[in-house]
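Residue-level structure breakdown
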Amino acid sequence: MKKILIISYFFPPCNLTASQRAYNWAKHLKDFGYDPIVITRRWDTSIQLLGDECISSSSKEVIEEVNERFKVFYMPYIGSLRDRIFIKNRDRKKILRKALSFKEQFFQNFFINSLPYSNIYHKAVELIEIGDISSVIITGSPFESFHFGYKLKRKYPHINWVADYRDDWTTTELFQSGNVLERVLFKLAKKSEKKWLNSAWFFTTISSHYVDKISNFTGVKGYEIINGFGTDLTEINTEPKKNNEFHITYNGTLYPSQNIEPVLRGIKDVIFEFQDQLEIHLNFPGLSFTKEAEERVRAELKGLERVYITERISREEVIKIQQKSHLMLMIAHKGIKGIPSSKLYEYIGLKKPVLLFPNDHDIIEETLLDTRLGIICESENEIKEKLTFVIQSFINNGKVGIDGDIKQIKKYSRKNGVKKFAKLLDEN
C-alpha cells in the first residue's frame, strides 16, 4: 500500500461542493493500492455568505482524524488582517481592504508564508520528512496552493506532485479585464502558473477542453478526471412525490455568463398553460448565496407562487430536493465550452432528466447524450416546446418518460474517476 499525500484547502466538514472532489479521492484510493493522508484547513463553521470560506478564523489546535479509509489533518486557520477587517467592517473601510487585498495577492506569488493557510505546506514538509511519501496531489483552487508543490519538489526532488484543477486558472474564459491593479495581478498569476506547473509530474482537470487549454499554456501533460457523482446519492432516503406536483430544480449559484432568463420565460409559459391541471414548483437551493443571482431569477419570476429559493443549505437537504424533482436545469455558459460543473453529475447520478440551455456543444451535451438524460434546447421556442411535451407526458402518464441508460450512467461515478486517477499514478 503506497502512501499518498492529498493537499486540499476544501474538505468535509466544509459544505462547499469543492470539498467533494478531494474527499472522494481519499475515500476510494485505498481500493486501488494507495493509503491517503489529507492535509486541509479547519472548518469550524458552515459557509453561508459569499466570502466566508476564506475569512473565518478557526480554533488554534490541529485536529487529526483517522478512519479505515484515510487520515486527515485539519490545520488551524487564522484570517489575515484584510480578513479580520472585512469581518468587522463589511460595508466600511473598502479602500483599506482593497489595498491589503492587493498586497496579499501580490506577495502570494513569491512567499508561501504570506498565505494565511501556509501551515498546510509546513505540515506537508513535516510528513515528508518522516518518510514513505513520494506522491502528492494538490487541488486548486486556491491555485496559490500549487506553490506548495513547486517548493516541495525543489526541497525533495524524489517527490512527484500532481496539480489538480477543479476549474482552469489564468486560461479561464470567464475573466473580465478589470482595473489596472487587477490586470497586474492576473499577469503575475499567469507567470506563477507557468513557473509552478513546470515542476509538476502531470496535471488533471474536469474536461478535455480544459486539458487542451492548460497543456498548451503550461507545456505540461494533462488528463481529464471528471467530477462524477458520489455513492452518498443513494445513501439518503428518498422523499415521496405527490402526483399533483411537478418539481423543476436548479441547484447552486448562477454566473453572469449563464443566460437562464429564456428558460425561466419558457417555464412561466407552461405554468400558465397547465395551471388548472398541475402544480409546478420551482426550486433554487443555494441560489441566494449570491444576491445578484437571486435578484435575476426573482425579477423574471415575479408574481409566481411556488418559487423556493434558499441560501446555502446542507448537502443532504439539497439531495432530497433533487430526489423529489422531475426535471433539472443545466444552464451552460454562453459561448464557452468545457464547464460541466458538479451539479451535472449529481443530476445524472440521481437519474434525473436534464434540460440544457444553451447547448455547449461540448462535455455537457456529450454527457447528456451518452446517458440519454438530456433535453437539449437551442432556442427559446424549443425550450417551450420541449417543456410542454414533458409536462403533458407527466399529466398523461404520471412520468416524464426519460429514464436514461443505467449502464452509461454508472461510468460517471466518482469511484470510476478515482480508478482512472490511480491508473495514471501507477503508469506515469
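Here the structure is a predicted model, which is why all the values come from computation and not from measurement.

**A look at the overall build of the protein chain**
- When you go through the protein chain residue by residue, the secondary structure sums to 15 helices and 14 strands.
- Every one of the 428 residues in the protein chain was classed for burial, and the buried ones make up 55%.
- Carbon together with sulfur atoms contributes 50% to the accessible area of the protein chain, which is approximately 19700 Å² in total.

**A short note on the nonpolar core**
- Counting residues in each nonpolar core, the largest one holds 55 residues, and the members touching the most others are F246, I280, L282, F284 and L355.
- If near-sequence neighbours (up to four positions away) are discounted, L355 is found in contact with V263, L327, M328, L329, M330, I375, C377 and L387.

**Quick notes on the packing of helix α1 (residues 19-28) against helix α15 (residues 414-427)**
- As a packed pair, α1 and α15 sit with axes 9 Å apart at the nearest point and diverge in direction by 70°. In terms of axis orientation, α1 runs roughly perpendicular to α15. Two secondary-structure elements touch here, α1 through Q20, N24, W25 and H28 and α15 through R414, K415, V418 and F421.
- Residues that form the contact of α1 with α15 fall into these classes: three nonpolar, three polar and two charged.

**Here we look at the packing of helix α4 (residues 119-130) against helix α5 (residues 146-155)**
- Following both chains from N to C, one finds α4 and α5 inclined at 30°, their axes separated by 11 Å at the closest point. Here α5 runs roughly parallel to α4, going by the angle between their axes. Regarding α4 and α5, the two cross each other, and that crossing is right-handed. Where α4 approaches α5, its residues I120, Y121, A124, V125, I128 and E129 are matched on the opposing element by F148, K151, L152 and K155.

**Details of the sheet that holds strand β4 (residues 71-75)**
- As summarised here, the arrangement of the eight strands in space is β3-β4-β2-β1-β5-β6-β7-β8, forming an open sheet in which the pairing is mixed. Each edge of the open sheet carries a strand with a single partner, namely β3 (63-66) and β8 (222-224). Ignoring which end each strand starts from, the neighbouring axes of this sheet average 20° apart.
- Both strand β6 (residues 160-165) and strand β7 (residues 202-205) contribute to a ladder of four bridges, which runs parallel. Bridge assignment links D164 to a residue of β7, and that residue is T204.
- Lying on the sheet, α15 is in contact with β1 (2-8), β2 (34-41), β5 (133-140), β6, β7 and β8; it crosses β7 at an angle near 170°.

**Let's talk about helix α11 (residues 341-349)**
- Taking burial as the measure, the nine residues of α11 include eight buried ones, the bulk of the element.
- Along α11, the residues classified as buried are S342, K343, L344, Y345, E346, Y347, I348 and G349.
- Those residues of α11 that are buried are in contact with β9 (245-249), α10 (315-323), β12 (327-331), β13 (354-357), α12 (363-371) and α14 (406-410).
- One or two positions beyond α11, positive phi appears at K351, with a value near 60°.

**Examining the packing of aromatic side chains**
- For the coordinates displayed, the defined rule picks out 24 aromatic pairs.
- Considering the side-chain rings of Y117 and F148, the 6.1 Å spacing of their centres and the 70° angle between planes classify their relative orientation as edge-to-face. Here the residue Y117 occupies a position in the loop between α3 (94-107) and α4, and F148 occupies one in helix α5, the gap between them amounting to 31 residues.
- For Y117, a relative accessible area of 6% translates into the label buried.
- Given a relative accessible area of 0%, F148 falls into the buried group.
- Pairing F146 with W161 gives two aromatic rings, centres 5.9 Å apart and planes at 50°, and the pair type is tilted. Placement of the pair is F146 in helix α5 and W161 in strand β6, with a sequence separation of 15 residues.
- Judged by its relative accessible area of 0%, F146 falls in the buried class.
- Its relative accessible area of 0% is what places W161 among the buried residues.
- Here the aromatic residues Y9, F10, W43, Y77, Y117, Y121 and F148 are joined through ring pairs into a cluster of three or more.
- Geometry around F73 places K123 over its ring, the cationic atom sitting 4.4 Å from the centre.

Rules used in this analysis
Residues numbered from 1 in each chain as written. Predicted model: local features only at pLDDT ≥ 70, side-chain atom pairs only at ≥ 80, totals over all residues. Heavy atoms only, no water. Helix = DSSP H or I, 4+ residues; strand = E, 2+ residues; numbered from the N terminus. Buried < 20%, exposed > 50% of the residue type's maximum accessible area, 1.4 Å probe, protein only. Areas by Shrake-Rupley, 256 points an atom, 1.4 Å probe, with all protein chains shown as cover. Core = buried A, V, L, I, M, F, W, Y, C linked by side-chain atoms within 4.5 Å. Contact = heavy atoms within 4.5 Å. Axes fitted to C-alpha atoms, helices over the stretch in contact; angles between N-to-C directions. Parallel < 35°, antiparallel > 145°, perpendicular 65-115°, else oblique. Nonpolar A, V, L, I, M, F, W, Y, C, P; charged D, E, K, R; others polar. Left-handed = near helix turned anticlockwise from the far one by under 90°. Pairing = 2+ DSSP bridges. Phe/Tyr/Trp six-rings, centres within 6.5 Å; stacked < 30°, edge-to-face > 60°. Lys NZ or Arg CZ within 6 Å of the ring centre and 35° of its normal.

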